[in-house]
Amino acid sequence: MPKIVVGVSGSLSCLTALHRAAAEARLRRAELWAVLAWEAPGGELGGRYSAHVSAVAQCRATAAERLGEALDAAFGPGRAEVEVKGVTVWGSPGAALVGFAQDSDDLLVVGTGARGSLRRLVHRSVARYCQTHALCPVLAVPPSPLLATYDMAHRRNLWHMPLDPREVV
């Protein structure tokens, strides 16, 4: 049976990708898998060699909690109209998603998020990684326009700039 695999980060931008993945799962009558990748403090080296076992267990528990919160935020406590299977994977987000969606019948859904040039230099794009490495089709979902309005208002608030109500509408 084909899978719809959606990347979950716990951010507001992943909610749009979760809803689109649920719609695709309904249309294709496929399983919906929500995947949240996590890494131990210190990255790959810190997690594999020097992290205490209890610290790794705490990271795994925090990732599972964040996945549950993201699914509740997207679909509510009753969940979506389709069955959502959540899984946390130890590793970088792009590699974890590509590794989870290995069949050519699968569909990988990722959020793109609005990113400035400085942010692009610091953080690699998970969507771009998935598009270049996945063996299955990848659906890159742009963020909701409402999220862009929220981000704009948040930036103005941080810089103590007056908010023009005409820009929010």
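Scroll up to find the structure.
Every value quoted in this text rests on a predicted model; they were computed, and no experiment measured them.

Engineer: Is there a simple way to think about the overall build of the protein chain in this case?
Structural biologist: When its secondary structure is counted, the protein chain shows 8 helices and 5 strands. Listing each helix as α and each strand as β along the protein chain from the N terminus yields β-α-β-α-α-β-α-β-α-α-β-α-α. Pairs at least 24 apart in sequence give 75% of the contacts found in the protein chain among residues at least 6 apart.

Engineer: For this particular structure, what's the right way to read the pattern of salt bridges?
Structural biologist: As a working rule, side chains carrying opposite charge can pair if their charged atoms are close by. Scanning all chains against the criterion turns up 4 salt bridges. For Glu 24, the salt bridge is made with Arg 28, and the minimal N-O distance between the two is 3.0 Å. Of this pair, Glu 24 and Arg 28 both sit in helix α1 (residues 14-28), 4 residues apart, which is roughly one turn of that helix. The class for Arg 28 is partly exposed, based on a relative accessible area of 45%.

Engineer: Would you mind going over the packing of aromatic side chains with me for this structure?
Structural biologist: In total, this model carries 2 aromatic pairs according to the counting rule given. Ring plane angle 25 degrees and centroid distance 5.0 Å describe the contact between Trp 38 and Trp 90, whose orientation is recorded as stacked. On the criterion of sequence distance, the pair formed by Trp 38 in strand β2 (residues 31-38) and Trp 90 in strand β3 (residues 84-90) is long-range, its members being 52 residues apart. Judged by its relative accessible area of 26%, Trp 90 falls in the partly exposed class.

Engineer: Help me out: how do you make sense of a nonpolar patch on the surface in this one?
Structural biologist: On the surface, Leu 158, Trp 159 and Met 161 cluster together into a nonpolar patch covering about 400 Å² of accessible area. Relative to the elements of secondary structure, Trp 159 occurs in the loop between α7 (145-158) and α8 (165-168). A residue is classified by how much of its surface remains accessible, and Trp 159, at 67% relative accessible area, is exposed.

Engineer: I keep staring at α7 and nothing clicks. Help me out?
Structural biologist: Residues three or four positions apart in an α-helix share a direction because the helix packs 3.6 residues into each turn. Over its 14 residues, α7 runs 20 Å from end to end, which matches the ideal 20 Å to within 8%, given 1.5 Å per residue. Taken as a whole, α7 has its buried residues at Leu 147, Met 152 and Arg 156. Immediately beyond the C-terminal end of α7, within one or two residues, lies His 160, with a positive phi of roughly 55 degrees.

Engineer: Help me out: how do you make sense of the environment of Ser 11 in this one?
Structural biologist: Within the fold, Ser 11 resides in the loop between β1 (3-7) and α1. Between the C-alpha atoms of Ser 11 and Arg 66, which are 55 residues apart in sequence, the distance is 9.6 Å.

Engineer: Could you clarify how one ought to interpret the nonpolar core in this entry?
Structural biologist: Grouped burial of nonpolar side chains is what soluble globular proteins tend to show. Ile 4, Val 6, Val 8, Leu 18, Leu 32, Ala 34 and Val 109 are the most contacted members of the largest nonpolar core, which totals 28 residues. Elements supplying a minimum of two residues to this core: β1, α1, β2, α3 (53-75) and β4 (107-111). For this core, the element with the highest residue contribution is α3, accounting for 8 residues. Val 35, Val 110, Cys 130 and Ala 134 belong to the second largest nonpolar core, which has 12 residues in total.

Engineer: Before we go on, may I ask you to explain the sheet that holds strand β5 (residues 138-141) in this structure?
Structural biologist: What holds strands together in a sheet is hydrogen bonding between their backbones, with the strands either parallel or antiparallel. With parallel pairing, 5 strands are arranged side by side in an open sheet as β3-β2-β1-β4-β5. Since the sheet does not close on itself, it has two edges, and those belong to β3 and β5, each with one partner. When strand polarity is set aside, the average angle formed by the axes of neighbouring strands in this sheet is 25 degrees. In this structure, β2 lies alongside β3, joined through 7 bridges in parallel fashion. When the bridges of β3 are listed, Leu 32 appears paired with Val 84. Its contacts with the sheet place α1 against β1, β2, β4 and β5, and it is angled at close to 175 degrees to β1.

What counts as what
Residues numbered from 1 in each chain as written. Predicted model: local features only at pLDDT ≥ 70, side-chain atom pairs only at ≥ 80, totals over all residues. Heavy atoms only, no water. Helix = DSSP H or I, 4+ residues; strand = E, 2+ residues; numbered from the N terminus. Contact = heavy atoms within 4.5 Å. Salt bridge = Lys/Arg side-chain N within 4 Å of Asp/Glu carboxyl O. Buried < 20%, exposed > 50% of the residue type's maximum accessible area, 1.4 Å probe, protein only. Phe/Tyr/Trp six-rings, centres within 6.5 Å; stacked < 30°, edge-to-face > 60°. Patch = residues over 30% accessible without salt bridge, like charges linked within 9 Å, V, L, I, M, F, W, Y side chains within 5 Å. Areas by Shrake-Rupley, 256 points an atom, 1.4 Å probe, with all protein chains shown as cover. Expected span 1.5 Å × (residues − 1). Core = buried A, V, L, I, M, F, W, Y, C linked by side-chain atoms within 4.5 Å. Pairing = 2+ DSSP bridges. Axes fitted to C-alpha atoms, helices over the stretch in contact; angles between N-to-C directions.

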